[in-house]
Amino acid sequence: MAPATVSTNLSADDTARHLPFEFNESVQSLVDASDNLKALPSKYNLGDTNDTGASSCESLPVIDYSALTSSDPHQRSKAVAELAEACTDWGFFVLVNHGVPEELIESLFATVREFFRLSDDEKKKYEAKSTSSPIACGNFNLKSTSNETFTLWRDFLKLYVHPDFYCPTKPQPLREILVEYTERTRKMARELVGAVAESMELDRKYVEEALELDSSFQKFGGNFYPPCPQPEQTLGLPAHNDPGLFTILLIHNGLAGLQIERQSHWFEVNPPPNSMIVNVGDHLEIFSNGRCKSSRHRAVVNKERERLSIAVGNGPGKDVVVGPAVPLVEKDGGALYRSMKYQEYVESQLSRTFDGISILDEQRIST
Ligand SMILES: O=C(O)CCC(=O)C(=O)O
Ligand SMILES: [Fe+2]
């Protein structure tokens, strides 16, 4: 869910030597081991080139999930129109009244936090071997323009959770909590896709079949950002787009750190209590032939408090070749995006992390 688009000048050799997932020590262990860490170890330090200025964002659209699923047609159609507007304008929105019990969310946060507290030896069992590892844990290493390796100030856990479900064995309650949470979010993402389809006058069944939503490729991502001695010199997650249809994001205690790009400006988000943040992924932009917008976003870290976010990425089926929906191409007089197999897109996005070219831009057909 978080490939970087940091520009670099790498040769093929450099790329081959570069190990994006190499996992030596978690950020958590580094912070624990040093009594009072005053400065960033150099591998985390991006230096003064790091520009993370952002304005505060008061106007992120709010979508009421209970209205969207209401049996009252007036309420529902109003919510559908608001959702369509949010997907077109920001590509991000706050989801309220989502119906996922608060206790489930709290136990999810607690258990994922516990996972990040496990020893590095335990976590290293899940070090990623490749871009398609179904369980992956560690740090993410980027190459800077000056060809130095830079490690993000973040520990992550990534899991494939649908159609096949993968989960670490520890902490023991994680599996059951994840099964329930990912099933609920998968259903929500499907509802959201259905509502967007309706707003584009597409037949819901056509969309569900074209995107093979019964076998939706769903990924779970836990992002843990420990407190950082020099937050302005580093990044939790660099600017990126999410692949897929919708990402559903939970931010523990609504702690600031997420920034969204809109019309070339960066905005920071302060999510209200009990809400979720949802964003359009690249494949909804492609499938909607550009009606919905996949917006770049990033995560900055802070000095005082650790930050935990949980991102569930909901995609089409792995093998679906995603291009613009046929009825929309007919309406628009042409496709604005190339088609590509979903899994290939996801893997290519991860492995091209370091060349600075966004895969979404490459899919766009210039008119
Ligand atoms: O931590 C955050 O607020 C953002 C996470 C994110 O963008 C991702 O996991 O793709
Ligand atoms: Fe993201």
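The model shown is predicted, which means the values in this text are computed figures rather than measured ones. (Residues numbered from 1 in each chain as written. Chains lettered and ligands numbered in written order. Predicted model: local features only at pLDDT ≥ 70, side-chain atom pairs only at ≥ 80, totals over all residues.)

Asks: Looking at this structure, I do not really get the overall build of the protein chain. What am I missing?
Replies: When you go through the protein chain residue by residue, the secondary structure sums to 12 helices and 17 strands. Radius of gyration (C-alpha) of the protein chain: 20 Å, near the 21 Å computed for a compact globule of 367 residues. Along the longest, intermediate and shortest principal axes, the C-alpha atoms of the protein chain span 60 × 45 × 40 Å. Within the span of the protein chain, comprising 367 residues, buried residues form 43% of the whole. Counted over contacts in the protein chain with a minimum sequence separation of 6, partners at least 24 positions apart contribute 79%. (Helix = DSSP H or I, 4+ residues; strand = E, 2+ residues; numbered from the N terminus. Rg over C-alpha atoms; globule rule 2.2 N^0.38 Å. Buried ≥ 20, exposed ≤ 12 C-beta atoms within 10 Å, placed from the backbone. Contact = placed C-beta atoms within 7 Å.)

Asks: I would appreciate a short explanation of the pairing of strand β8 (residues 216–225) in the present structure.
Replies: It is a general feature of regular strands that their side chains alternate between the two faces of the sheet. Along β8, 10 of the 10 residues are buried, which leaves the element largely enclosed by surrounding structure. The alternating pattern of β8 places Ser216, Gln218, Phe220, Gly222 and Phe224 and Phe217, Lys219, Gly221, Asn223 and Tyr225 on opposite faces, both of which are buried. As paired strands, strand β7 (residues 155–162) and β8 are joined by seven bridges and run antiparallel to one another. Residue pairing across strands places Leu159 opposite Phe220, the latter belonging to β8. In terms of strand pairing, β8 meets strand β15 (residues 307–317) through nine bridges, oriented antiparallel. Directly across from Tyr225, in β15, lies its bridge partner Arg307. (Pairing = 2+ DSSP bridges.)

Asks: Looking at this structure, I do not really get the nonpolar core. What am I missing?
Replies: Grouped burial of nonpolar side chains is what soluble globular proteins tend to show. Core analysis: the biggest nonpolar cluster contains 90 residues, and Leu83, Leu192, Val193, Val196 and Phe246 have the highest contact counts within it. Considering every element that reaches this core, the biggest residue donor is helix α7 (residues 174–199), with 10 residues. Ignoring any residue separated from it by four or fewer positions in sequence, one finds Leu83 in contact with Ile63, Leu68, Leu192, Ala195, Val196 and Ser199. (Core = buried A, V, L, I, M, F, W, Y, C linked by C-beta atoms within 7 Å.)

Asks: What is the right way to look at the confidence of the model for the protein chain in this model?
Replies: Caution is warranted with low-pLDDT regions, since their predicted coordinates should not be read in detail. Per-residue pLDDT for the protein chain has a mean of 91; in total, 92% of the residues score no lower than 70. Every residue in residues 1–17 scores below 50 in pLDDT, and together they form 41 contacts with partners more than four places removed in sequence or on other chains. Across the interface, the model reports ipTM at 0.99; the global pTM reads 0.93. (pLDDT = per-residue confidence, 0-100.)

Asks: Looking at this structure, I do not really get the packing of helix α5 (residues 102–117) against α7. What am I missing?
Replies: Packed helices, taken two at a time, are described by their axes: the angle between them and the distance between them. α7 packs onto α5 with a crossing angle of 135 degrees between their chain directions and a minimal axis gap of 10 Å. Classified by the interaxial angle, the pair formed by α5 and α7 is oblique. Relative to α7, the crossing made by α5 is left-handed. The segment α5 lies against α7, with Leu104, Ser107, Leu108, Thr111 and Phe115 engaging Leu174, Ile177, Glu180 and Tyr181. Broken down by class, the residue content of the contact of α5 with α7 amounts to six nonpolar, two polar and one charged. (Axes fitted to C-alpha atoms, helices over the stretch in contact; angles between N-to-C directions. Parallel < 35°, antiparallel > 145°, perpendicular 65-115°, else oblique. Left-handed = near helix turned anticlockwise from the far one by under 90°. Nonpolar A, V, L, I, M, F, W, Y, C, P; charged D, E, K, R; others polar.)

Asks: What's the story with the sheet that holds strand β13 (residues 276–280) in this structure? I'm lost.
Replies: In a beta sheet, neighbouring strands pair by backbone hydrogen bonds and run either parallel or antiparallel. A sheet is described by the order of its strands in space; here eight strands give the open sequence β2-β3-β13-β10-β15-β8-β7-β4, paired in mixed fashion. Where the open sheet ends on each side, the last strands, each with one partner, are β2 (62–64) and β4 (135–138). Between one strand and the next, the sheet's axes are offset by a mean angle of 20 degrees, whatever the strand orientation. In the sheet, strand β10 (residues 246–251) pairs with β13 via four bridges, with the strands oriented antiparallel. Bridge pairing links Phe246 to Val280 in β13. Its contacts with the sheet place α7 against β7, β8, β10, β13 and β15, and it is angled at close to 130 degrees to β10.

Asks: Sorry, what's going on with the packing of helix α4 (residues 73–89) against α7 here?
Replies: Where α4 meets α7, the axes come as close as 9 Å, and the angle between the chain directions of the two elements is 90 degrees. The angle between α4 and α7 falls in the class roughly perpendicular. Contact residues: α4 offers Val80, Ala81, Leu83, Ala84 and Cys87, while α7 offers Leu192, Ala195, Val196, Glu198 and Ser199.

Asks: Teacher, can you tell me more about unusual backbone geometry here?
Replies: Peptide bonds are mostly trans, and most non-glycine residues show a negative phi. Note the cis peptide between His162 and Pro163, where omega equals 5 degrees. The linkage connecting Lys170 with the following residue, Pro171, adopts the cis geometry, with an omega of -10 degrees. In this fold, Pro171 is placed in the loop between β7 and α7. The phi torsion at Asn97 lies on the positive side, around 50 degrees, for a residue other than glycine. Backbone geometry at Glu201 places phi at a positive 60 degrees, although glycine is not the residue there. Tracing the backbone shows Glu201 in the loop between α7 and α8 (204–210). C-beta crowding within 10 Å serves as the criterion here: with 9 such atoms nearby, Glu201 is assigned to the exposed category.

Asks: Any chance you could explain the pairing of β10 here in plain terms?
Replies: Extensive coverage of β10 is indicated by the burial of six of its six residues. Across the two faces of β10 the burial is the same, with Phe246, Ile248 and Leu250 and Thr247, Leu249 and Ile251 all buried. Taken together, the six bridges between β10 and β15 define a ladder with antiparallel strand orientation. The residue of β15 that forms the bridge with Leu250 is Ile310.

Asks: Can you help me understand the environment of His98 in this one?
Replies: In this structure, His98 sits in the loop between β3 (92–96) and α5. A residue is classified by how many C-beta atoms lie within 10 Å of it, and His98, with 21 of them, is buried. It is 5.2 Å that separates the C-alpha atoms of His98 and Tyr65, two residues lying 33 residues apart in sequence. Those residues in contact with His98, other than ones at most four positions away along the chain, are Tyr65, Met188 and Met276.

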